[in-house]
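# Descriptive analysis of the structure
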Amino acid sequence: MPQVRIVARNFMDMVAALPAAKLDKLYDSSFICEAVLRSLPPLAKKYVLQMLFLDSPLTAKSMEEWVLPDGLSKHKVAIDRLLQLRVFMEVNDRKKEPSYKMNQKFQSNMQKYLTTGGTVPREPMPLNAAVRLPSVGELETYAMEQWECFLLQLINSSQVDKSTSFSSSMMRAFQRGLLNSSRDNEAPRLTENGFQFLLMETNAQLWYIIREYISSAEERGMDPTDLISFLLELSFHTLGEAYSVNTLTEVQRLAIKDLADLGLVKYLQGRKEGLFMPTKLATNLSVSLSDASSRKEGFVVVETNFRMYAYSTSRLHCEILRLFSRIEYQLPNLIVGAITKESLYNAFENGITAEQIVSFLQQNAHPRVAEKMPSVPENVTDQIRLWEADRNRVEMTPSHLYEDFPSKDLFEACCDFARDYGCLLWQDTKKMRLIVKGELHQQMRDFLRGQR
Amino acid sequence: MASAPSKLYQDDVSLVVALLDTNPFFWAAASLPFSEFLHHVIPFINSLLLLNQLNRVVLIATGTSSCGYIFDSGDGNASGNSNAVCSGIIKKLEDFVGKDSKIGKGSNGDGTRPAISSLLSGSLSLALCYIQRIFRSGTRHPQPRILCLQGSPDGPEQYVAVMNSIFSAQRLMIPIDSCIVGAQHSAFLQQASYITGGVYLKPQQLDGLFQFLAAAFATDLHSRNFLRLPKPAGVDFRASCFCHKKTIDMGYVCSVCLSIFCKYHKKCSTCGSEFNQVAPDSTIPDQKH
């Protein structure tokens, strides 16, 4: 079974893929520079700090001396990332040695930030007694509700109470790759990628959806660069403060409605104008840029007897748990299930790996067990991995067996022929037998006929 | 020495407790004026906060007779306009130095001996208590480390207290980094960084202080395993005696509590055990067999 990994491609990959001119324009805004800096791997962050106040370029060799020998691979990764994002630019001097210099705009923005400090992108609205602003807790529940509603609609449109206002073509764009309809009148089924998507953490899922949203933005007449810069700016707003819609550009106003459906902002009607309040999902956007761990409260307790108790009321959680465990009963605030061999085999058939299941359980561990080390009992994790390995014990390949060779030379010639094509599976030199992959059979016959 | 793995947080997140030396006697005679020094330190703090949204920085001022908290980025009011924060820090520092000199004059009576050393042991203890509070606050916490910006010379009378703080830090696996902005090396901080696995640095040029700070002290603990960081050429392991607080190379050690004395005493002042000089061939009753 091919191991297909859904690459929750980092949002930064998309930023890095923008053409050079657009990327440089993005760096005009200091928020984007900050967000990009925060998304870099730790070594790269240090390099940026060190080069921040240097005007002349530094040779690559002298940079390599900053790391110990076993850090060289991380060093390469960091430098590549910096070059991809055009934070470092390569400068070729006369001696033909590569040296690096920082992007001018990036450098000046960051220097300003360090000496005068950061600012907020826009001023929040003054407190107005006429409009009651939701508290931070209410905002969070609103965000989670919207997000779950969206996800449920994504995987199965029939199960939702109220649907979001995304057009069906938008939803289809999101569902591409996650769902496919095997037959026209059947409901679409989740693909392997879809299953893996559900088990990812919220931030990774959010970035996946936003990436799809931005990729399809051009068709709807919105400039992806504007969208990217707006999203990154959004993450620097203060949680719990309301901002006026009048400060947004046309493009941003269109985007706000969609973002409200996803649960990133809450749209309110003020006395004179519309207001929007960023939720925790939005402010965590820049934290999650570099694959940070989730900060949600967990809800799953796994016991050593393979029983699982999930303190959750959300239907989405129930669906996710149903993917790999047998749900026994559902109480008003508790879902009780068991991890069994059958349920896990079912999950493996659908393309979910044991690692994903184990990391899902660990990341969503209930706070009472999260402090324990390990948060999921080892016998459970070991058993999940063993059951997965069960499926890898025997692998079948269609092949052909060749025996009764008249001479050793012919046998050797056949072995070499098969090996050249990479199809030799097994050979027994004493008894002069060999097994070759089935696809080479026709060519092997021609080769043998040619040899005689 | 490996640092304590921070539970459930990305390796990148750190908590830096910076101890600023505000000894007025040192700064009056220093080559780098205090305002210039702050001009390097405050952007460094901004850069630490920039690197990761969840990083936290705490500033503690080390005075001559007292220590105090100046700034905590984890406070609610610390976010927002950074100019206000910066001027807030400066104002708090001025208030602190004023209070500190009043305390100094008060306890010294007629001000006979001006204190040349700052209260390093006090600020180390404050830092360790703060970090312990963070450890107890829950499962998720950043990886802490202590950064000492020291200029005044070591006060041998603080030897015992400083060594106790160093061993507590070692047990909690908190590295102590030191950056010396004064003229001479500090034996205490060399030992501190050596024992706890931190970085000790005495920059040669003080007007490039920000660059030294950013290069050596800005990285989080996990990445330090991969970086080539400055190591001191040799560590000064000399102790100071418990009776006169002089720095000594050879002395007498109590076999019970390991306190160090420069002259022969009949009784140990720390644990009270009596030192009877026993002749080597006198008979001691065997208690076994």
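Thresholds applied
Residues numbered from 1 in each chain as written. Chains lettered and ligands numbered in written order. Predicted model: local features only at pLDDT ≥ 70, side-chain atom pairs only at ≥ 80, totals over all residues. Heavy atoms only, no water. UniProt positions renumbered as here; feature names shortened; annotations may be inferred. Helix = DSSP H or I, 4+ residues; strand = E, 2+ residues; numbered from the N terminus. Expected span 1.5 Å × (residues − 1). Buried < 20%, exposed > 50% of the residue type's maximum accessible area, 1.4 Å probe, protein only. Core = buried A, V, L, I, M, F, W, Y, C linked by side-chain atoms within 4.5 Å. Contact = heavy atoms within 4.5 Å. Pairing = 2+ DSSP bridges. Axes fitted to C-alpha atoms, helices over the stretch in contact; angles between N-to-C directions. Patch = residues over 30% accessible without salt bridge, like charges linked within 9 Å, V, L, I, M, F, W, Y side chains within 5 Å. Areas by Shrake-Rupley, 256 points an atom, 1.4 Å probe, with all protein chains shown as cover. Salt bridge = Lys/Arg side-chain N within 4 Å of Asp/Glu carboxyl O. Left-handed = near helix turned anticlockwise from the far one by under 90°. Nonpolar A, V, L, I, M, F, W, Y, C, P; charged D, E, K, R; others polar. Phe/Tyr/Trp six-rings, centres within 6.5 Å; stacked < 30°, edge-to-face > 60°. Lys NZ or Arg CZ within 6 Å of the ring centre and 35° of its normal.

## A short note on the UniProt feature "domain: Transcription factor Tfb2 C-terminal" (unreviewed entry) in chain A
As annotated in UniProt, the feature "domain: Transcription factor Tfb2 C-terminal" (unreviewed entry) corresponds to residues 382-449 of chain A in the numbering used here. Between the end C-alpha atoms of residues 382-449 of chain A the distance is 52 Å, and the span holds 46% helix and 21% strand.

## Some points on helix H11 (residues 202-215) of chain A
One turn of the α-helix equals 3.6 residues, which is why residues spaced by three or four share an orientation. Residue and element names in this part refer to chain A. With 14 residues, H11 should cover 20 Å at 1.5 Å per step; its first-to-last C-alpha distance of 20 Å lies within 8% of that length. The buried fraction of H11 amounts to twelve of the 14 residues, a majority that puts the element mostly inside the structure. Among the residues of H11, Thr 202, Asn 203, Gln 205, Leu 206, Trp 207, Tyr 208, Ile 209, Ile 210, Arg 211, Glu 212, Tyr 213 and Ile 214 are the ones counted as buried.

## Here we look at the nonpolar core
Formed by 149 residues in total, the largest nonpolar core has its most connected members in A:Phe106, A:Phe324 and A:Ile357. Dropping the residues within four chain positions of it, A:Ile357 is found in contact with A:Leu199, A:Phe324, A:Leu344, A:Ala347, A:Phe348, A:Ile352 and A:Ile384. If you look at the next biggest cluster of nonpolar residues, it comprises 33 residues, including B:Phe135, B:Ile146, B:Ala169 and B:Ile180.

## Considerations on the sheet that holds strand E2 (residues 56-62) of chain B
Residue and element names in this part refer to chain B. On the basis of which strands lie adjacent, the open sheet formed by six strands has the order E3-E2-E1-E4-E5-E6 and mixed pairing. Each having just a single partner strand, strand E3 (67-72) and strand E6 (200-201) make up the two edges of the open sheet. Pairing analysis gives five bridges linking strand E4 (residues 143-150) to strand E5 (residues 176-180), with the strands arranged parallel. Looking at E5, one finds that Cys 148 is bridged to Ser 178. Set on the sheet, helix H6 (residues 187-196) makes contact with E4, E5 and E6; between it and E5 the angle comes to about 150°.

## So, a nonpolar patch on the surface
Residue and element names in this part refer to chain A. The grouping of Leu 401, Leu 425 and Trp 426 at the surface amounts to a nonpolar patch, some 280 Å² of accessible area in total. For Trp 426, the position within the fold is in strand E14 (residues 424-428). Overall, the relative accessible area of 38% leaves Trp 426 in the partly exposed class.

## Considerations on the packing of helix H7 (residues 104-116) of chain A against helix H2 (residues 34-51) of chain B
The axes of two packed helices give the description: the angle between them and the distance between them. Contact geometry of H7(A) with H2(B) gives a least axis separation of 7 Å together with a crossing angle of 115°. For the element pair H7(A) and H2(B), the recorded crossing hand is right-handed. Between H7(A) and H2(B), the residues in contact are A:Met110, A:Tyr113 and A:Leu114 and B:Pro43, B:Asn46, B:Ser47 and B:Leu50, respectively. Of the residues that constitute the contact of H7(A) with H2(B), the class distribution is five nonpolar, two polar and no charged.

## Section: the pairing of E14(A)
Residues and elements named next belong to chain A. Where E14 meets strand E15 (residues 433-437), four bridges bridge the pair, whose relative direction is antiparallel. Residue Trp 426 lies in a different strand from E15, and its bridge partner there is Ile 435. With antiparallel pairing between neighbouring strands as the criterion, E14 and E15 make up a hairpin whose turn holds four residues, including Met 432 at a positive phi of roughly 55°.

## With respect to unusual backbone geometry
Positive phi values are uncommon outside glycine, yet A:Met432 reaches one of about 55°. Relative to the helices and strands, A:Met432 resides in the loop between E14 and E15. A positive phi angle, near 65°, is found at B:Leu258, a position not held by glycine. Mapping B:Leu258 onto the fold places it in the loop between strand E9 (252-253) and strand E10 (260-261).

## Concerning the side chain of B:Gln190
All names here are of chain B. When you line up the elements, Gln 190 lands in helix H6. For Gln 190, a relative accessible area of 7% puts it in the buried group. Contact partners of Gln 190, with chain neighbours within four places excluded, come to His 185, Tyr 200, Gly 234, Val 235 and Asp 236.

## Here we look at the packing of aromatic side chains
Applying the stated criterion across every chain, the model contains 17 aromatic pairs over all chains. Residues A:Phe405 and A:Phe411 carry aromatic rings whose centres are separated by 5.3 Å and whose planes lie at 70° to one another, so their mutual orientation is edge-to-face. A residue is classified by how much of its surface remains accessible, and A:Phe405, at 11% relative accessible area, is buried. Judged by its relative accessible area of 0%, A:Phe411 falls in the buried class. Put simply, the rings of B:Phe26, B:Trp27, B:Phe34 and B:Phe37 touch in pairs and so form one group of aromatic residues. One cation-aromatic arrangement involves A:Lys266 over A:Tyr142; the distance from NZ or CZ to the ring centre is 4.0 Å.

## Brief notes about the sheet that holds strand E1 (residues 58-59) of chain A
All names here are of chain A. Strand order in the open sheet formed by three strands is E1-E3-E2, with antiparallel pairing between adjacent strands. Each having just a single partner strand, E1 and strand E2 (88-92) make up the two edges of the open sheet. Here E1 runs beside strand E3 (residues 98-102); their pairing, made up of two bridges, is antiparallel. Each residue of the ladder has a partner; that of Leu 58, found in E3, is Tyr 100. Across the sheet, helix H6 (residues 72-84) is in contact with E2 and E3; its angle to E2 comes to roughly 95°.

## Let's talk about the environment of A:Asn284
Residue and element names in this part refer to chain A. With respect to the secondary-structure elements, Asn 284 resides in the loop between helix H14 (280-283) and strand E9 (300-302). According to the relative accessible area criterion, Asn 284 is buried, its value standing at 15%. Asn 284 sits 20 residues away from Thr 304 along the chain, and the two C-alpha atoms are 34 Å apart.

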